[in-house]
Structures are given as structure tokens and as C-alpha cells.
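Residue-level structural notes
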Amino acid sequence: MRLTLPHWSGALAVRAAAFITVMCCALAALLGVLVHVSVTDQTVGQARDLALSRLADATEAYEAGDRLLPGARVDPAELPPSLRRLAVSGQRGTMVATYRGRPAMWAAGPVAGHRALGVAVDYSQQSRTIAGLDESIVWSSALAIGATVLVGVFAVTRVTRRLHGTARVARRISAGDLDARVNDPRTKDPARPQDEVAAVAAALDSMAASLQGKLLSEQRFTADVAHELRTPLTGLHAAAELLPPGRPTELVRDRVAALRTLTEDLLEISRLDTGRERLELGTEALGALAERVVRASGTDTEVRVLRDVRVETDRRRLERVLGNLVANAHRHGAPPVVLTVDGPVVTVRDHGPGYPEYLVAHGPQRFRTEGGATGHGLGLTIAVGQAEVLGAALGFGNAVDGGAVAVLRLPGGE
């Protein structure tokens, strides 16, 4: 069974929890060892002093010929061999061992005849005390580690939740929702301490507001320019129609037509920018629609229908998207240009130099062209905007063997 982490968790929370756990375990182990060693040394020292004191009394009684005290004997069978050898060699020593099946502190020393006098002091109570202390250390350490980890994880997850919230807002902004804001409470109240997460949130909100302001200014400029140009261009078009036939007249009419097309493109972009476009849905056969678009373009474009489908879409907008893709392929690419229908996926490919790197990475940008290309970069911008209105995904890339590839993925399809 795989462990599923909460949605707010991540590498930072897991690493912080692991670090806190390791540090708590290390600290608990260190303190436990220090307490155990200190208490054990004190307990063993007291038992050793008592055993040596009784050994001194027993040695004095043995040398005086008196009766030995209880627990003191010459060459007792239970005396540890190492302690016996130490006593026979003429030295005194102590050792914790057993006596009659119970823990005992042995003390031994030399007596006449190269023999060992041993004294056993009951060590059961001290042994139980140390064992109880060790058990208490283990349980208290476990409780302390658990409590510390819970508090630490709670504190870390509060930070990670705020970071994840900031990341979600950043993703919404990158997806085009410029109204999204983090609105961290710490940034609203100067009296509250400002941490690093609040600083990041404030910077993201400020960036989004600045970006939104600049985009709105650009949209207003585009709309204003388009509306201001429309009236004089209408008059200019009417005046051009009154000119006498000839080459200069054709050039004037051609430039006026180009200006009218540019103005209509700007108006369409301004309408798309407002986000108030409404779909007029109908069911269309995608293969037949693609062939109509190619015929209307008047270009030498090959249409391949691998798998035809009927889609519910806005015919006018879809024709606009495909028409712009085909026109762009012929204007900036090289023949052959192929439009392929494979279910709800439409691909337009040419065999020219391909799309610029900035366009593949970030999508088309209005009024930007590279490599000496002509135009204003509005055709693909309109195509992307109309595709978004249709709920379709339009992507741009370059083929491995050369050429630009635009892929339109329509929703649904039957």
C-alpha cells in the first residue's frame, strides 16, 4: 500500500520533518546516555565503597582470628575468576557479578596463604533502579520526540501551505488570470512580523498588479488605435476608388487594403482581449470545413483527411484560426504546405525555416517578428485568441526534418 501525502506536503515538509526527527533522536540519545552514565557511576561507586568497607572489616576480623561477617568467605566458589586472580596476586578489586542467583557487588582482597577473601554485597536494588531509569529514559525520550516532531511539523506545514498557496496563485497568473492575488494577511498588517514567505507573496502580488496594468494599457492602446484608424481609412478607401485606373491607383488601393486588414485585425484582438466573445455553436464536418478554408485562401495547400469527425464548434471562428495558420505557413514558410485532419486534431505544416525560438517557447506576440519576416505578428495572435474562445489548444513547434508545425486540438469530436 502506497502512502499518500497531503496536497500541501512536499519535499520541504518531508525534509524538515526528517531533520527534526533525526535531531530529536540524537539529542534524546545523548541526554539518555549522559543520565545513564552519571547515575550508573554514582550507584556503582556507592556499592563499591560499601563492598570495600565490608572487605576491610572482614580482613581485619580474619587477621584477628574472629568470625567472618555474613557474606564474607575465604575462596568462595562464586567469586569471579578474574577477581580471584587479582586478589591472589596481592591486590584488591571489585566487580559486579551474581551471588546465589542475584546481582551482587563483589570485593576481594589477599589473605595469608595466597588465598582470596571475598565479600558479596547485594546489588539487586541498584540494578532495578538502573533498569527502571533506562526504561524511563526510553519512554520519556519517545514522548519528547513525538511531541517535538508534531510541533515542528505543524510549524513547517504552516509555512509550506502558504508557499503552496503562493505557487497556485503564480500558476493562475501564468495561465492568464491577472486578477489572482495571494493577499497574505501579514502583508496587510505592518504590525505583524514579516517573514520570507510574506515577502515573496507581496512581491508576487506587486508583479501581478504591474503586469496587469501594463497589459490593460496595451489593450486600451490597441483598441483606441483600431477605432481611430477605422474612420479615416473608410474615407481613404472611398477616395481610392475614385482614382483613375493605373499602376499608381493599384498601389494605393493595395496599401489601403493592407491598412484596412491591419485595422480589422487590431479590432478583433481588442475584442478578444475583453473576453466577451460569445460562441455560435453548430455541428461541422472537420474535413469539409478544412477543404473550404483552403479553397477560400486561394493557396496551393494539400489537404489530408486521415480520420474525419464532426465537431460542435463556431464555424466562423474555426475557419478564422485555420485560415490564419494556412496564410502564415505560405507567408513565412515554404511549400509544400500540408493541412492534415486526424480526428479532432488539425495540423498545418510547411517546409520553411520553422518558427522562431521565442514563438515556440512563449507563443506568438503581437507586433513582434524576427529574421527579417514581414507582417506584424497579428495573425497567429488572433489564431491563439480564437482557439481559446473555442476551448481548443493551439501549439507551435518545428519538425525534426525542417519546417513549422502548428497543431490545433479541438474539444470533443464524434
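Once a new chain begins, its residue numbering starts again from 1 and follows that chain's sequence as written. With the structure being a predicted model, the display of local features is reserved for residues of pLDDT at least 70 and the display and counting of side-chain atom pairs for 80 or more, all residues being used for whole-chain, interface and lining totals. Excluded from the side-chain calculations are hydrogens and water; all other atoms, namely the structure's heavy atoms, are used.

Digging into the packing of aromatic side chains
Pairing of aromatic rings covers Phe, Tyr and the six-membered ring of Trp, with a centre-to-centre limit of 6.5 Å; geometry is then stacked below 30 degrees between planes, edge-to-face above 60, and tilted otherwise. For the coordinates displayed, the defined rule picks out one aromatic pair. Taking the centre distance of 5.4 Å and the plane angle of 85° together, the rings of Y355 and F396 count as edge-to-face. Here Y355, found in the loop between β9 (345-349) and α9 (357-362), pairs with F396, found in strand β10 (residues 393-398); they are 41 residues apart in sequence, far enough to count as distant. The cut-offs for exposure are 20% and 50% of the maximum accessible area for each residue type, with area from a 1.4 Å probe on protein chains only; residues under the lower value are buried, those over the upper are exposed, and the others partly exposed. Relative accessible area serves as the criterion here: at 10%, Y355 is assigned to the buried category. Using a relative accessible area of 13% as the deciding quantity, one classes F396 as buried. Only DSSP runs of H or I reaching four residues or more are called helices, and only runs of E reaching two or more are called strands; each is numbered from the N terminus.

Considerations on the side chain of D314
Structurally, D314 is set in the loop between β7 (310-313) and α8 (315-332). Among the polar contacts made by the side chain of D314, one reaches the main-chain amide nitrogen of R316 at a distance of 3.2 Å. N or O atoms within 3.5 Å of each other form a polar contact, as long as, within protein, one can give a hydrogen and the other can take it, and as long as residues adjacent in sequence are counted only when both atoms are side-chain atoms.

Some thoughts on the UniProt feature "transmembrane region" (unreviewed entry) in the chain
UniProt positions are given in the numbering used here, feature names are shortened, and annotations may be inferred rather than shown by experiment. Per the UniProt record, "transmembrane region" (unreviewed entry) is found at residues 12-35 and 137-156. Along residues 137-156, the helical share is 100% and the strand share 0%, with 28 Å between the first and last C-alpha atoms.

Concerning the sheet that holds strand β6 (residues 301-307)
In short, DSSP must find at least two bridges between two strands for them to pair. With respect to topology, five strands assemble into an open sheet ordered β6-β8-β9-β11-β10, the strand pairing being mixed. Looking at which strands have only one partner, the edges of the open sheet turn out to be β6 and β10. Across this sheet, the average inter-strand angle for adjacent strands is 15°, counted without regard to direction. Bridging between β6 and strand β8 (residues 337-342) involves six bridges; their strand directions are parallel. Looking at β8, one finds that V303 is bridged to L339. Contact between two residues is taken to exist if any of their heavy atoms lie within 4.5 Å; hydrogens are not considered. Angular values range over 0 to 180 degrees, each being the angle between N-to-C directions of two axes fitted as lines to C-alpha atoms, with helices fitted over their stretch in contact. Helix α10 (residues 379-390) rests against β10 and β11 (404-409) of the sheet, and its axis sits at about 140° to β10.

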